[in-house]
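If you want the building blocks of each chain, they are given just below.
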Amino acid sequence: PAGVAEDVEQKRFRQLLAATVDLDGSTGRLVLQDMKTAVKNNDILAFGRSLMLLQEKNRAAMQSAGVSPLDVPPENQTVLNLMEKMGAFARGQLLTGYGCYALVEGGLSARNLKAAIQSQVGALNGMVVLTLADNRGAHVVVRQGQSLKDNKINPIRMNPTAKNS
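Remember, predicted model here, so these are calculated numbers, not experimental data.

The rules behind these values
- Residues numbered from 1 in each chain as written.
- Predicted model: local features only at pLDDT ≥ 70, side-chain atom pairs only at ≥ 80, totals over all residues.
- Heavy atoms only, no water.
- Helix = DSSP H or I, 4+ residues; strand = E, 2+ residues; numbered from the N terminus.
- Salt bridge = Lys/Arg side-chain N within 4 Å of Asp/Glu carboxyl O.
- Buried < 20%, exposed > 50% of the residue type's maximum accessible area, 1.4 Å probe, protein only.
- 1 Å grid on protein atoms, 1.4 Å probe; cavity = no way out; pocket = protein on both sides within 12 Å on 5 of 7 lines; lining within 4 Å.
- Points joined across faces, edges and corners; volume = space filled by probe spheres on them.
- Pairing = 2+ DSSP bridges.
- Core = buried A, V, L, I, M, F, W, Y, C linked by side-chain atoms within 4.5 Å.

Once that is clear, we can look at the environment of proline 73. Locating proline 73 in the fold gives a position in the loop between helix H3 (44-64) and helix H4 (74-85). Residues proline 73 and tyrosine 98, 25 residues apart in the sequence, show an inter-C-alpha distance of 8.2 Å.

Okay, structure coming up:
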């Protein structure tokens with residue numbers, strides 16, 4: 001937004017890091033148990049709820065440390081409303097600046113949301129970044145012979161005769 005200092009994100013990131021001492025004791029459990037379990041079970045609804053709760057815990061820690069929350073500009077509120085309308089499981093304005101985030105399921109939903117936001121903010125009023133993730137979890141692919149080329153996974157070559165030290 002107009003009138004915002006260039007270093008606002010750097011300053012708020014430092015403030016967020018400093019405020020971690022004010023996080024309540026359940027935050028670790030939220031990340032290590034609830035969010036990890038949601039990822040393991042491929043439960044995007046639970047992960048979204050946990051992500052929103054983590055955002056609130058961080059916001060409360062920053063306020064406890066004397067850092068006021070940033071105002072949500074009207075254009076951001078419009079984008080957040082659009083994210084909710086399009087089914088985002090989690091959404092919000094970053095604690096470190098004026099960017100917004102959303103969690104949706106599926107590439108098509110993500111691309112549709114990106115297009116809708118771009119249409120809303122216009123070509124010159126913001127940048128929309130789309131990051132696709134696949135929660136198939138860790139897996140091993142074993143290939144025989146020279147067929148190590150895959151259009152989805154870069155091959156990891158391991159020496160099966162090497163000994164762990």
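From this point on, the discussion continues.
Our focus in this paragraph is the pattern of salt bridges. Scanning all chains against the criterion turns up 4 salt bridges. In this structure, glutamate 56 and arginine 59 form a salt bridge, with 3.3 Å as the shortest nitrogen-oxygen distance. Residue glutamate 56 and its partner arginine 59 are both found in helix H3; the two are separated by 3 residues, about one turn of the helix. Looking at glutamate 56, the relative accessible area reads 42%, which means it is partly exposed.

Glancing now at the layout of surface pockets. If you add up the space inside the largest pocket, you get close to 1400 Å³. Those elements giving two or more residues to the lining of the largest pocket turn out to be helix H1 (8-18), helix H2 (26-40), H3, H4, strand S2 (100-103) and helix H5 (107-121). When residues in the lining of the largest pocket are grouped by element, the largest group, 6 residues, is from H5.

This brings us to the pairing of strand S1 (residues 90-93). With 4 bridges joining them, S1 and S2 adopt antiparallel strand pairing. Opposite glycine 92, over in S2, you have tyrosine 101 as the bridge partner. Hairpin connection between S1 and S2: a loop of 6 residues separates the two successive antiparallel strands.

Attention shifts here to the environment of threonine 37. Assignment of secondary structure puts threonine 37 in helix H2. Residues threonine 37 and phenylalanine 47, 10 residues apart in the sequence, show an inter-C-alpha distance of 8.4 Å.

If you look at the biggest cluster of nonpolar residues, it comprises 11 residues: Val79, Leu80, Leu82, Met83, Ala88, Val104, Ala110, Leu113, Ile117, Val121 and Val128. Elements supplying a minimum of two residues to this core: H4 and H5. By size, the runner-up hydrophobic cluster in this structure holds 6 residues, among which are Leu16, Ala19, Met62 and Leu95.

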